[in-house]
Amino acid sequence: PGLDLALSSTGQQEAIIDSMTAQLPLGRIGRAEEVAATALFLASDESSFMTGSEVFVDGGFAQV
């Protein structure tokens, strides 16, 4: 939703999102719920054995 709002005034919202999506290995823009799920995981006891790790929630962009 934040991306949609930020791009709505450009007049090129669809073209910009298509360009961004083409660069992502998963081929789509992530949803806010997916980012929130990762944050909740890191804040929960489920991540209690993790130390010093980076978790990328970017559709694989940083790994390519």
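Anything mentioned here points back to the structure above.
Residues numbered from 1 in each chain as written. Predicted model: local features only at pLDDT ≥ 70, side-chain atom pairs only at ≥ 80, totals over all residues. Heavy atoms only, no water.

Caption draft 1: The overall build of the protein chain, seen in detail. Helices and strands together make up the secondary structure of the protein chain, namely three helices and zero strands. Going from N to C terminus, the protein chain has its helices and strands arranged as α-α-α. Taken against the 2.2 N^0.38 rule, which gives 11 Å for 64 residues, the C-alpha radius of gyration of the protein chain at 15 Å runs more than 25% over that of a compact globule. With the C-alpha coordinates aligned to their principal axes, the bounding extent of the protein chain is approximately 45 × 25 × 15 Å. With 64 residues in all, the protein chain has 9% of them scored as buried. Nonlocal contacts in the protein chain, meaning residues at least 24 apart in sequence, comprise 29% of its contacts between residues at least 6 apart. Working note: accessible area of the protein chain is about 5100 Å², and carbon and sulfur atoms make up 59% of it. (Helix = DSSP H or I, 4+ residues; strand = E, 2+ residues; numbered from the N terminus. Rg over C-alpha atoms; globule rule 2.2 N^0.38 Å. Buried < 20%, exposed > 50% of the residue type's maximum accessible area, 1.4 Å probe, protein only. Contact = heavy atoms within 4.5 Å. Areas by Shrake-Rupley, 256 points an atom, 1.4 Å probe, with all protein chains shown as cover.)

Caption draft 2: Structural detail: the pattern of salt bridges. Overall, the coordinates contain three salt bridges when judged by the stated rule. In this structure, Glu-33 engages Arg-31 in a salt bridge whose closest nitrogen and oxygen atoms are separated by 3.8 Å. Glu-33 sits in the exposed class, given a relative accessible area of 54%. Assessed through its relative accessible area of 47%, Arg-31 is described here as partly exposed. Between Arg-31 and Glu-34 there is a salt bridge, with the nearest N and O atoms lying 3.4 Å from each other. Among the charged side chains, a network of salt bridges with common partners joins Arg-28, Arg-31, Glu-33 and Glu-34. (Salt bridge = Lys/Arg side-chain N within 4 Å of Asp/Glu carboxyl O.)

The values are spatial; any link to function lies outside them.
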